[in-house]
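# Geometric and topological summary
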Amino acid sequence: MKHEKAGHHRSNPCQGLLAGYVLTKPDEACLKTRYDGEWQLVHEVNLQANDRPLLMNDFRPGIGCCTITALTAIFRQIQQKEASSMIPFITHSLFDQIESVASHHGYRPKRGRTNPLRIGSIARHLFRLYHLQGQAGSTLFLSARKICHELDHARPVLMNLAFGHYRRHTVTIVGYQIWRDTIKQPSNRQRVFWLVHDGWSQDVRFIDHWALTRPWSGLWSIYSVTRIRPKQSNHTQPRPNLT
């Protein structure tokens, strides 16, 4: 996997833009430059853990282990919620176990590549290994509404992208922001931004869902989403209706 190029966004007139559909942080000025209108943040969900995000270089420097790193982050979170589970407490041990399981589903440690539509199978295998109940599955082009549903229930999701800044890369979505235009018509015009840990930087990044999913934006990409649902109590956060 490629590594993030520091400072790539500095020459762009939208100061919050990193590259294409990825922003360092959306704000009123950036959205006005990008979409015109007057924008206001109306809702946010943030599931970031207290400890720092996991980086690919923590485990296999120079090797594209983005999916395994993302799965390690997800199952580490499950371990923190399920103290009696069989999930390893030591993060590197957890990574090694997930990598071993993934190798039975087409993952090659030396090349670091995972079929994105097999990530759900890897997660289900891990549920069985750790004697946990739950569901997991991967699908192409999941709607913003359904991704928000997972996050509203405190379940991070994995997104694998084919093109653009995150070409052939998996990120962990840990929240979202909804911005609404207060001036232009229609009055409910809004944009959704995903808060992601990308395995390259400890800083949270933001993916512009509208730009990602509209071919005419010039920033469009094929993507798949993996939902991982351990059977546990849910904490639902109310949000405005997505239009």
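Quick look at the structure, then. (Residues numbered from 1 in each chain as written. Predicted model: local features only at pLDDT ≥ 70, side-chain atom pairs only at ≥ 80, totals over all residues. Heavy atoms only, no water.)

### Concerning the pattern of salt bridges
Rules: Salt bridge criterion: a side-chain nitrogen from Lys or Arg within 4 Å of a carboxyl oxygen from Asp or Glu. Each helix is a run of DSSP H or I of at least 4 residues and each strand a run of E of at least 2, with the numbering of both proceeding from the N terminus. Here's how the labels work: a residue is buried when its accessible area is under 20% of the maximum for its type, exposed when over 50%, partly exposed in between, all with a 1.4 Å probe on protein chains only.
In the structure shown here, the tally under the stated rule is seven salt bridges. One salt bridge connects Glu99 with Arg60, and the closest N-O pair in it is separated by 2.6 Å. Here Glu99 is found in helix α3 (residues 91-102), whereas its partner Arg60 is found in the loop between β3 (39-46) and α2 (66-81), with 39 residues between them in sequence. Between Arg229 and Glu150 there is a salt bridge whose closest N-O contact spans 2.4 Å. You can see Arg229 sitting in strand β9 (residues 223-230) and its partner Glu150 sitting in helix α5 (residues 144-152), a full 79 residues away along the chain. Taking relative accessible area as the criterion, Arg229 reaches 27% and is therefore assigned partly exposed. According to the relative accessible area criterion, Glu150 is buried, its value standing at 0%. Through salt bridges that share partners, Glu150, Arg155 and Arg229 make up one connected network.

### Some details on the nonpolar core
When a protein is soluble and globular, its nonpolar side chains tend to lie buried together. Filter applied, for reference: Take the buried residues of types Ala, Val, Leu, Ile, Met, Phe, Trp, Tyr and Cys, join any two whose side-chain atoms come within 4.5 Å, and each joined set is a nonpolar core. We call two residues contacting when some pair of their heavy atoms lies within 4.5 Å.
Counting 67 residues, the largest nonpolar core has Phe75, Ile147, Met159, Leu161, Tyr166, Trp194 and Ile207 as the members making the most contacts within it. Among the elements that make up this core, the one with the highest residue count is α2 (seven residues). Each residue touching Trp194, except ones within four places of it in the same chain, is listed here: Ala144, Ile147, Cys148, Leu151, Met159, Ile173, Gly175, Tyr176, Arg205, Phe206, Ile207 and His209.

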